[in-house]
Amino acid sequence: MISERRLAILNLIIEHYLLTGEPMGSKTLCQLLPYSVSSATIRNEMAYLSELGYLEQRHTSGGRVPSKASYRYYVDSLMVPRDISNYDKQKISEALSVNSGDPERLLADAARLLAQYTHCIGFCCAIEDPLDCIQGVDLIPAGNSKAMLVMLTVGSKIKSSLINISCPIDDEFRFLFYEVMNRLFIGTPLTEVNLALVQRSVLIARERVFDLLPVLTSLCSLCSEASQSKLILENETNLLSHDELGSDVYKVLSFLADKEKMIEFSKLFANTNINRTIFIGDENPLFEMKNTSTIISKFTYGNNQTATLGIIGSMRIDYKRIIPCVEYIFNTVDSLLSKGGTK
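The rules behind the values
- The residue count restarts for each chain, going from 1 along the sequence in the order it is written.
- pLDDT decides what is reported in this predicted model: residues at 70 or higher carry local features, side-chain atom pairs at 80 or more are listed and counted, and totals for whole chains, interfaces and linings draw on all residues regardless.
- Only hydrogens and water are set aside when side-chain values are computed; all heavy atoms of the structure are taken into account.
- Numbered from the N terminus, helices here are DSSP runs of H or I no shorter than four residues, and strands are runs of E no shorter than two.
- Only protein chains enter the accessibility calculation, which uses a 1.4 Å probe; a residue is then buried when its area is under 20% of its type maximum, exposed when over 50%, and partly exposed in between.
- Residues count as neighbours in contact if any of their non-hydrogen atoms are within 4.5 Å of one another.
- Here the term cavity refers to a set of points on a 1 Å grid, laid over the protein atoms alone, in which a 1.4 Å probe fits but cannot get out; the term pocket refers to an open set having protein on both sides within 12 Å along at least five of seven lines, with lining residues being those that place an atom within 4 Å of a point.
- Grid points are joined across faces, edges and corners, and a volume is the space filled by probe spheres set on the points.
- Side-chain classes follow a simple rule in which Ala, Val, Leu, Ile, Met, Phe, Trp, Tyr, Cys and Pro form the nonpolar group, Asp, Glu, Lys and Arg form the charged group, and the remainder, Gly included, forms the polar group.
- Two strands qualify as a pair provided that DSSP identifies no fewer than 2 bridges between them.
- Axis geometry follows a simple rule: fit a line to the C-alpha atoms, using only the stretch in contact for helices, then measure angles between N-to-C directions, giving values from 0 to 180 degrees.

### Remarks on unusual backbone geometry
Residue His119 is not a glycine yet carries a positive backbone phi of 60 degrees. Mapped onto the secondary structure, His119 falls in the loop between helix 6 (103-118) and strand 3 (121-126). According to the relative accessible area criterion, His119 is partly exposed, its value standing at 46%. We note that Asn304 has phi near 60 degrees; this positive angle belongs to a residue other than glycine. Of note, Asn304 is situated in the loop between strand 9 (292-301) and strand 10 (305-314).

Quick look at the structure:
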């Protein structure tokens, strides 16, 4: 068990390092502690904390800095979270309510807010669902031989495309369009919408199949897009200001440039029994992220759709300010997703 004095020393060293990036020596600690203690006693206490693995000394004559293990102890046992202002809560809620009916846009908005409020990288990943189907399709005339094709999936994904149509979009054309949709496409899994299915529309549309072809090929493209996992990274350049990462920042950014790796990480996390967590340093299962802190949450919404949302920063982030802010955004997103469908 760590004594109260040792905990106070450890807390001061961690918070000083999080703020300044500089080690702390015994003389500075003497001035900050609320009671009188000699420098020799403090050095002994620091040596004890180093033996426990909570402090490191980079130079023989230098002060102490936190170890990776101490960040975990700080977050779990020492940190006093800083409350979010009512103003920030209102701004976050207003920003997230704009696209509350569209889960993918809502998640993208949340990733953008996370990056803005934490000065880290914000990310979100809508994970593919092989069972997701077309729920509805509509064709909206847009003038000048153009139309907007809009598709909604059972998993609450909304996709649209502006297409060119050479024939008039009259009642006859729209009737034919909806007949083909209802007989061949509505209720069909996204992964099964392909050229073979388009060819079957000849049996319904007959000689007018060529008029429908731009619509059908566009629908195939929308289904292909909606059937895949989608990763969004926000403000990767924020990481350049995290001095603690040093040259490792380029390794992290190179890793994130290959989005498939981050998508796989999101899939693996979504399949665990953990809803929210923070990976600090070596706790991160991704080797390239061993010098970062990653806060991540998973969400289930609609027809059992899953997504992840979170931030990536250095280990020297302002945990007591950032964690409450991230939690508030997570909770707001969770609430809005719950209102959009059965969880």
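### Quick word on the environment of Thr191
Counting through the fold element by element, Thr191 comes out in the loop between helix 7 (171-185) and helix 8 (195-200). The partly exposed category is assigned to Thr191, whose relative accessible area is 49%. Through-space distance from the C-alpha of Thr191 to that of Leu131 is 8.2 Å; in sequence the pair is 60 residues apart. Ignoring anything within four residues of it in the chain, the contact list for Thr191 reads Pro130 and Ser227.

### A word on the layout of surface pockets
A water-sized probe rolled over the atoms picks out the places where empty space is left. Counted as a void, the largest pocket has a volume near 400 Å³. Along the wall of the largest pocket there are 23 residues; nearest its centre are Leu18, Leu19, Arg316, Ile317 and Asp318. Residue assignment for the lining of the largest pocket shows that the elements contributing at least two residues are helix 1 (4-20) and helix 13 (319-339). Take the lining of the largest pocket: its biggest share by element is five residues, from helix 1. Considered class by class, the residues forming the lining of the largest pocket number nine nonpolar, six polar and eight charged.

### Some words on the sheet that holds strand 5 (residues 146-153)
Pairing in this open sheet of three strands is antiparallel, and the strands run 4-5-6 from one edge to the other. In the strand order of this sheet, the two ends are held by strand 4 (134-143) and strand 6 (158-164), each with one partner. Taken over all neighbouring pairs, the strand axes of this sheet differ in orientation by 20 degrees on average, direction set aside. The pairing of strand 4 with strand 5 spans eight bridges and is classified as antiparallel. Note on strand 5: the bridge partner recorded for Asp138 is Val150. This element, helix 7, spans strand 4 and strand 5 of the sheet and lies at about 160 degrees to strand 4. Along the sheet, helix 10 (residues 209-226) contacts strand 4, strand 5 and strand 6; its crossing angle with strand 6, the most-contacted strand, is approximately 150 degrees.

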